[in-house]
Structures are given as C-alpha cells and as structure tokens.
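Fold and contact review
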Amino acid sequence: MAEYEQIDLDVVVIGAGGAGLRAAIEAKQRGLRTAIVCKSLLGKAHTVMAEGGAAAAMGNVWSEDNWKVHFRDTIRGGKMLGNWRMAQLHAQESPDRIHELEAWGALFDRTKDGRIHQRDFGGHRYARLAHVGDRTGLELIRTLQQRAVALDIDVFMETKILRLLKNPSGEVSGAVGYHRPTGKMVVFTAKAFVLATGGIGRSWKYSTNSWESTGDGHALALWAGADIIDMECMQFHPTGMVWPLSVRGLLVTEGVRGDGGILRNSEGQRFMFNYIPEVFAAETADNEAEADRWYEDHINNRRPPELLPRDEVARSINAEVKAGRGGPHGGVYLDIASRRSSEFIQRQLPSMYHQFKELAGVDITKEAMEVGPTCHYIMGGIRVEPDTAASTIPGLFAAGEVAGGLHGANRLGGNSLSDLLVFGRRAGMGASDYADSRTSGTTVDSTEIERIIDEARAPLAREGGENPYDLQRDLQETMQNLVGIIRTGTELTQALSEIDALKERVPNLSVNGGIAYNPGWNLATDLPAMLSVCTMVTMGAIERKESRGGHTRDDYPKSDPAFGKINFVQRLNGSGECVVSPEPLPEMPDELKALLEEGAH
Amino acid sequence: MADVVMRIWRGDSEGGEFQDFPTQVSEGEVVLDVVHRIQAEDAPDLACRWNCKAGKCGSCSAEINGLPHLMCMTRMDTLPTEEPVVIAPMKTFPIIRDLVTDVSFNYEMARRLPPFAPKDPGPDGTYRMQQIDVERGQEFRKCIECFMCQDICHVIRDHEENKEHYAGPRLFIRYMELESHPLDTNDRRELLREEMGLGYCNITKCCTEVCPEHIKITDNAIIPLKERVVDASYDPVAWLGRKILRRTKKTATEAANHRTDPKPVKASQ
Ligand SMILES: Cc1cc2nc3c(=O)[nH]c(=O)nc-3n(C[C@H](O)[C@H](O)[C@H](O)COP(=O)(O)OP(=O)(O)OC[C@H]3O[C@@H](n4cnc5c(N)ncnc54)[C@H](O)[C@@H]3O)c2cc1C
Ligand code: SF4
Ligand code: SF4
Ligand code: FES
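Note that this is a predicted model, so its numbers are computed, not measured.

Another point: the domain arrangement of chain B. Residues and elements named next belong to chain B. Domain parsing of chain B yields domain 1 (2-101) and domain 2 (104-256). Counting residues at the interface gives 13 residues for domain 1 and 13 residues for domain 2. Take the side of domain 1 that touches domain 2: its biggest share by element is 3 residues, from strand β4 (residues 67-70). Residue composition of the side of domain 1 that touches domain 2, grouped by class: 7 nonpolar, 4 polar and 2 charged.

This is the structure we're talking about:
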C-alpha cells in the first residue's frame, strides 16, 4: 500500500510563474480556499527570466496606440492562426493588468511625465512594452509573489504533480504528486484545477528554457482527455548566445534590437533588408537611413527589418549562416556597440551587459555579440474557452504558456507576460466560478493513485537499468536535429519513430540513491511528459504541410491559405493513442476583421 | 580542456562528507556546468538547485572554496585548478541534501513583513511617479533572492538562536524598499527595531560583498534604516513629512549629476 498525504481545497493552481500566481491571487481574492503547487522554490519559475517587457497598449509613449492596434499586431504577427477572442481580450485588458501591478508595489521605468515607460519590440507597431530595464520578469514575479504572500495563499514549493484524477462523473477532482525534498507522495483534491505549468523547451538541445519546462501541463491535460492545439507552432528566438558552448542557447533579449541593435553577417552586411516578406513590406523600411530615423520618428518612417516578427528574423539568420556568411561559432553579429552610447546600453540593458561580460568575456558596449536561433516558446497548448480559460474537460482550466490559441503560429515579444496576467486572472475567475457552483463530490480512485505512485517509484527499485540523463540527451538530440527550426516530412517521420523507440526505454529507467531530493529520479518522472509532448509537436508538424510562423517546412516553403483556416487538434482516442484532427478556426467577427485591414495607423 | 577535481559535499541532515570527482573542464564553463556533467555521468542523485543558468533566478547559491557564489555565474577559469574546487551547501540554512538547503526561514521572514499599502491613485485611476523616485526602490528590487547575504551574515550564520528575531539583510533591503516607495503608507520602523533585529547588525558589510546584484545593502539600506529607527520621534505626521522632504532633497542632489535621458524623444512627450 502506497502511503500519501491528502489535502483538500477549493482551487489548486499548478504552477507559480506569472500565470499561476495571478490565477491564485484571483481565486483567493474571491474567498476560495486556494493553493499553489510548483516544482521549484517560490519566485524561481521561468517567468523570472523574462527580460524585455510586458506588452500593453497603454499609449504612454505613443498616444496613437490602443487595443485595436495591439489586436491587429498580435493576429498578424501570429500569421492569422490566433484565436480572435483571446487576442481581443488580451489587447483590451493588458493595460489594466499592468496598472494593477503598480498598486501591488511594482516599480516600472517611467516616462518623463511620470507614467510607465514603454519600449519598442518586434512586430509591435508602437513602443508598447512596460519594463524595468531588462529584468521585467523579475519585477512581475516578485510583485505577484509578494501579493500572494500578503493574501496568505498556501504554496507547496518543490512539489511535482504527476497526474490528474477525475471523479466517477468525469470531472477533474484530484492531482497526485510528490514533495521533492522528502519524496513523500501527496494527493490534492479540489473543485477546480488550474494548469499554469509553462513551456516545453527542455526537450531541445539548445534552448532558453530551464529544467522545469518539460511540458508537464500539456501532458497532464492530454492524459486527462483534454484537447491540445497548434503543437507544431514552436518559436525559435532569433537571438540566443552561441559561444561559449556551455551557454549556447541562452537568450539575448529582443530589447537589444528594440533599443537600436542591428544584425550583420560576416561580410558586414545588414542582411535583414534582403528578407522583408511581402506582408510586412508596407510597414518595413527598405533602406538604412529610414530604418535609423524610425527610432526617433515612428510616424513618418517605417520600422527597421531587424524588428520583423521573430519567425522571420530567425529564418533569415539561419539562411545567412547556411549560405556561409556566419561568424566563427555559427551565428551572426548583433551590434549595439557601434549604435548607442555605453551609458545608454548599460542603463537599458544591464543584465545583457552583465551576462555577456561574465559568461562570454564580451563587452557589448564595445563589441558585437555573436547570436543564433534558440528554442524558446510553445505557442500551442491546451485548448481553452477564451473568457473563462476552461479546458475542454470539466474542472480543468489553463493559462499562460501551457494554454494555446492567443499567439497563433508566432508570438510577439512581450505578449507572453501580458498573456500571463490577463488569462491568469481569467483562469482564476473561471476556476472560482466553477468551484462555487460545483455540486458533485471530489472522490478519487485510490487504486489509480496507487498505480501512479508505484509507476513513479519504479526507477528507484530497478537495478542496472538506464540512466535517465542518457534518455534525456538522446531526446534532445532528436528534437534538435529533426524537429528544429526548418523541418521536412522525411525527418519528421524519422523523429516520430525515434521518439517511439525512446518511449520503449522508459520502463527500463533506473536511478540510484534515495527518494529525497534526487534529481535523477525527478528527471525520470519528467520524461514521460517530455516524450508525450514531443510526439504532439512532431505529429502536428507532419500534418501542417505548409510554412507558417514558427513552423517552417522546407518541403512546403509557402503558406497555404487553406491551412490558415484550421487548427490541428490533438487528443487521446478510445484506446489511449494521441490522434490529430484538423478543425476550423473560430470565425472572426467582421468588425475585428476590418481592424486587420486598416493601415499602419 | 583542463583537469580538475571537484570536491562536493554529499549528505543530508544526518551528516555527510566531501566526495571527490575528477573531471575535465572546457572553455567558458561555469561551476554549474561541471556539476551538471557530474550529475549526468557519475552521480545522477547529486542534489543541487538551478533554473536560469544566467544569474537571474538566484537558485544555485553554494559555497565555493568557502565563500557564497552563484554556481552558474562562477567561471571555472577564475578558480585555481591545482587544488580541488570545494563546493559546499550554504552553511546558515539546514541541509536537505548535498548542495540543497532548507531556505524556508527567508520565506517565513517575508511573511512577517507588513505588506505594501499604497495610497490612492490619481483621478485617472493610475499613479504618477518620477524615474528618480523609483530608482532607489528599483535597486533593491533587483534582488534575486539567492539568500547569499543571509548566508554570510554572522548574526545568523553563527547563531541559530537569532533567527527567530532577525530578518537579515535580504529583508532589510525589502523594508528599505518600502520605506522609500513613493506610494507606500505603512510604517514598519517600530517592528524593525522591536522584532526584526536591525540592531544586531554591526555593519560589517559582508552581505554587500557577496551580493551578485551589487546591491549596496549596508550603505543604501541598513544604515539609512538604522538612522530612521533610532530617530526618537514616531510621530507619523512628522515621519511622512520627512519621507517626502527627504525625497525632494535626494532628487535635487541626484538630479545634479543625473545623466540626460538617453531615450529618443517621443511624440507624446
Ligand atoms: C529567457 C527568457 C526571456 C523571456 N522574455 C520575455 C519577455 O521579455 N516578454 C515576454 O512577454 N515573454 C518573455 N519570455 C516568455 C515568458 O517568460 C514565458 O512564456 C512565461 O514566463 C511563462 O509563464 P507561465 O506562468 O506560463 O509559466 P512559468 O513561469 O514557466 O512557470 C511554470 C510553473 O509551473 C510549475 N510546474 C511545471 N510543471 C509542474 C508540475 N508537474 N507540477 C507542479 N508544478 C509544475 C513550475 O514549477 C513553475 O512554477 C521569456 C522567456 C525566456 C525563457
Ligand atoms: S552588514 Fe549587517 S546584515 Fe550585513 S552581513 Fe554584516 S551584520 Fe549582517
Ligand atoms: S540582496 Fe543580493 S545577496 Fe541578498 S538575496 Fe538579494 S541578490 Fe542575493
Ligand atoms: S541558475 Fe539561476 S541564478 Fe544560477
């Protein structure tokens, strides 16, 4: 008999990044018994790493800005695949969510007239990112953390959820997990659950993501029967560090380009001018003089091509390096040193300055940085009802990077942090309303709990099996090489069979040492989710026989309007296998369609 | 590739010992890279914390050759390799396993802090604050909660019994952040003196020296706090008056040597 502790609540939020904290705050403010569960310590979730800022059309720097322009930028940046209602709510509510952070103690950088300053970022028509230097994520998570503490929300730190449980009538009612410091098992029962588990980037070799981003929430939802959409849409950030090897993949914020940085190849050419796509031609400068004037005057000049949406820039860098015009470590040059004063750079980009100086021995106020694409963000995720953040199964809600829909095929920089706030709050509301009106019990099946616990513990008992780190490394190789930034049908099919072969190695994993704070064992319990998620990414990528946003197919290099009208939805079939089906995008109302057509202003 | 011996503490609350791992180091590697390689190849159960690998999350604090450092920001080529590189968990906190300690003391102290209580917003529902007035607070908000200042502070490093009534440098900067927050209205000075042990600090500045964010913990937080706390007058009106006056003064001096705003001039300004 497996032993476990049982804790009963109204709302359990899984994840303590921006989305999870905001959801929990909402539920708690509405008087529900609320707890947060997270894999790391409080305040260490991925959100803490966000640099550039949070996008909100407050119009503090450019009074021309408003939610309609933000909506248009988000949908167009997402290559028309985004969910219109989510994009609308996001654009409309972001300013309030940012202001609310100030009322909870956040200190954003200011404009001269004392309002929140906003910086330029790729794909945003106006300077729109509220920020604190380049450590905005820290400000956001700390503010929410302090608010959560002030509200006295229970936080179960360093606790990993393994599976969700349903009651006999099919409502999500429980979650099984373990406390990492002790290895002790725990079962949470509650009337509503919110998944806010973040991203999946850990399964790629070169990635900006931490060990936590193993896609647990995507897998938990899939296994519980929820719909998952757009998993082929993975964002490769154009500028990751490439050297030294030990930091390869680490993020270089888009703020560098937003604040004036430009890209050059090994021949010194500002190559982005050669890669301006038709759809953005009308709003992108085609010569250096105009591009440089834009920083001072957004109205009479078009934006520099370095600030095209991320998918465009990442592909262009990739093409330059492939054509033999890359630097010594396989990247291109990102230069702000020759364009802005040392003072300016150190003030606007302090953590980038620090990061390059300490880790690469490069002074970014004097030299260019060598950069290349790195795996960064999953646009796809749990299918949610926009207004309530409800998943397709009762009792389960989702917000933040784990939810799909808002960003379509490509996310604009800064839209994630505001996404966390807007939909974190909505998930908290949705879950609270659901919990309040729920009448059914939260009885969960103890045999199932025991089965989950036994399965999780199995690698500790097994001797002479495989080291989980080896399996993880092989998975990262497969995903990096075969499901990377540029994809082809044959490689994707090969990836799928490699992932299947990797899955067969899971029952043979073994770890030595005890159950208390054992990272090898923790990884063994992460791998099933990683493998399921990688399968979804690959299956989606096989089906989407076109190129769109973060998904680029070498064998189908063009966008196909027919594919632009469908989401690929993945779910388990009757026999527990994941299947993909194309389903039409929700139809955008005409008045919103009209906004897309409107010109640059 | 250079050869090096990593001498890592292994054990739990019951006890433990250092274990040697001979390994190779390649160009640009940091201590955390080497620890990860040992984990992946030799000791998958070697416990350590990390998240960002870029000095942003404050998870990977440990004592390297006797002093607290972030493992992810300590380059191997800055350490002497003739001798073993000694890596131990932070001493001030109870051990969980290997390099992982129980830092809940810090979270407990954060819970005991009376929360931020803002004044009312302006007529449009938002706040106006000048850059110069938020900068002091911003310095403290750079804190990544690595807890290395708490680790090095002798008041609790050598005296477990002090923890009950000592907030420590991490929290002192939080108190000072709120003290200097343009919107906050809570007065926490009495609490600081009575229950948070501000008086125990004898300004050795060890905390400032280890702070990876280069926050001037002693000069900019602890010393000014001490001044305010010893201030005999607890008259809230006078306190508020001084709070405002002080800021005006600071603004004037800081404004004198403040650089010109490098941001391009924007249409709406
Ligand atoms: C380096 C970097 C810079 C970025 N900069 C920006 C930026 O400037 N602007 C912007 O908008 N976006 C940025 N992003 C993206 C953005 O930061 C993330 O998408 C966002 O923070 C995700 O937040 P989240 O709340 O969804 O999840 P996360 O912050 O990733 O948190 C996930 C939480 O879920 C928990 N969790 C996961 N699985 C489990 C489980 N099984 N059991 C229990 N808990 C679990 C984790 O412990 C964690 O607490 C950046 C990303 C990176 C990596
Ligand atoms: S200055 Fe004060 S708080 Fe800092 S280490 Fe010394 S005694 Fe501790
Ligand atoms: S003040 Fe500095 S040393 Fe102390 S916890 Fe914060 S970042 Fe770490
Ligand atoms: S891993 Fe984040 S600070 Fe070292």
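After that view, the rundown keeps rolling.
Moving on, we come to the sheet that holds strand β21 (residues 566-572) of chain A. Residues and elements named next belong to chain A. In spatial order, the strands read β17-β12-β21-β22; together these 4 strands make up an open sheet with antiparallel pairing. Strands at the two margins of the open sheet, each flanked by one partner only, are β17 (381-382) and β22 (578-584). Note that strand β12 (residues 228-229) and β17 share 2 bridges and pair antiparallel. Across the sheet, the residue bridging to I228 is I382, located in β17. Its contacts with the sheet put helix α16 (residues 519-543) on β12, β21 and β22, and the angle it makes with β22 is roughly 45 degrees.

The subject of this paragraph is the environment of Q146 of chain A. Relative to the assigned elements, Q146 of chain A resides in helix α4 (residues 136-150). When sequence neighbours within four positions are dropped, the list of residues in contact with Q146 of chain A reads G105 of chain A together with F116 of chain B.

Let us now look at the interface of chain B and chain A. Counting residues at the interface gives 53 residues for chain B and 62 residues for chain A. Of all the secondary structure elements, the ones that give two or more residues to the side of chain B that touches chain A are α1 (31-41), β6 (95-97), α2 (104-111) and α3 (131-141) of chain B. When its residues are assigned to classes, the side of chain B that touches chain A shows 24 nonpolar, 13 polar and 16 charged.

Turning our attention to the pairing of strand β15 (residues 332-335) of chain A. All names here are of chain A. Strand direction decides the pairing type here: strand β14 (residues 262-264) and β15, joined by 3 bridges, are antiparallel. Counterpart to I262 in the pairing with β15 is D335. Pairing between β15 and strand β16 (residues 369-378): 3 bridges, direction antiparallel. Looking across to β16, one finds that V332 is bridged to V371.

Let's shift gears to the nonpolar core. The tendency in soluble globular proteins is for nonpolar side chains to be buried as a group. F193, V194 and A398 of chain A are the most contacted members of the largest nonpolar core, which has 247 residues in total. Per-element tally for this core: the top contributor is α16 of chain A, with 13 residues.

Residues and elements named next belong to chain A. In the region of ligand 1, 44 residues are neighbours, and G15, G17, H46, G198 and G400 sit closest. Within the residue set of the shell around ligand 1, elements represented by two or more residues are α1 (18-29), α4, β8 (159-166), α5 (216-223) and α12 (415-437). In terms of residues, the shell around ligand 1 owes the most to one element, α12, which gives 4 residues.

All names here are of chain B. Within the secondary structure layout, Q19 lies in strand β2 (residues 15-25). Since 16 C-beta atoms lie within 10 Å of it, Q19 is described here as partly exposed. Residues Q19 and A88 lie 69 residues apart in sequence; the distance between their C-alpha atoms is 11 Å. Discounting residues that sit within four places of it in the chain, Q19 has contacts with I8 and R10.

Right, let's talk about α5 of chain A for a bit. Counting buried residues in α5 of chain A gives 7 out of 8 residues, a clear majority hidden from the surface. Immediately downstream of α5 of chain A, the backbone of G225 of chain A shows phi near 105 degrees, a positive value.

Attention now goes to the pairing of strand β3 (residues 61-64) of chain B. Residue and element names in this part refer to chain B. Both β3 and β4 contribute to a ladder of 4 bridges, which runs antiparallel. From the neighbouring strand, E63 faces β4, where its bridge partner is P68. Hairpin geometry of β3 and β4 is characterised by an intervening segment of 2 residues between the two adjacent antiparallel strands and by a positive phi of about 45 degrees at N65. Pairing analysis gives 2 bridges linking β3 to strand β5 (residues 85-88), with the strands arranged antiparallel. Counterpart to E63 in the pairing with β5 is A88.

The rules behind the values
- Residues numbered from 1 in each chain as written.
- Chains lettered and ligands numbered in written order.
- Predicted model: local features only at pLDDT ≥ 70, side-chain atom pairs only at ≥ 80, totals over all residues.
- Domains from an automatic or database assignment.
- Contact = placed C-beta atoms within 7 Å.
- Helix = DSSP H or I, 4+ residues; strand = E, 2+ residues; numbered from the N terminus.
- Nonpolar A, V, L, I, M, F, W, Y, C, P; charged D, E, K, R; others polar.
- Pairing = 2+ DSSP bridges.
- Axes fitted to C-alpha atoms, helices over the stretch in contact; angles between N-to-C directions.
- Core = buried A, V, L, I, M, F, W, Y, C linked by C-beta atoms within 7 Å.
- Buried ≥ 20, exposed ≤ 12 C-beta atoms within 10 Å, placed from the backbone.
- Near = placed C-beta within 6 Å.

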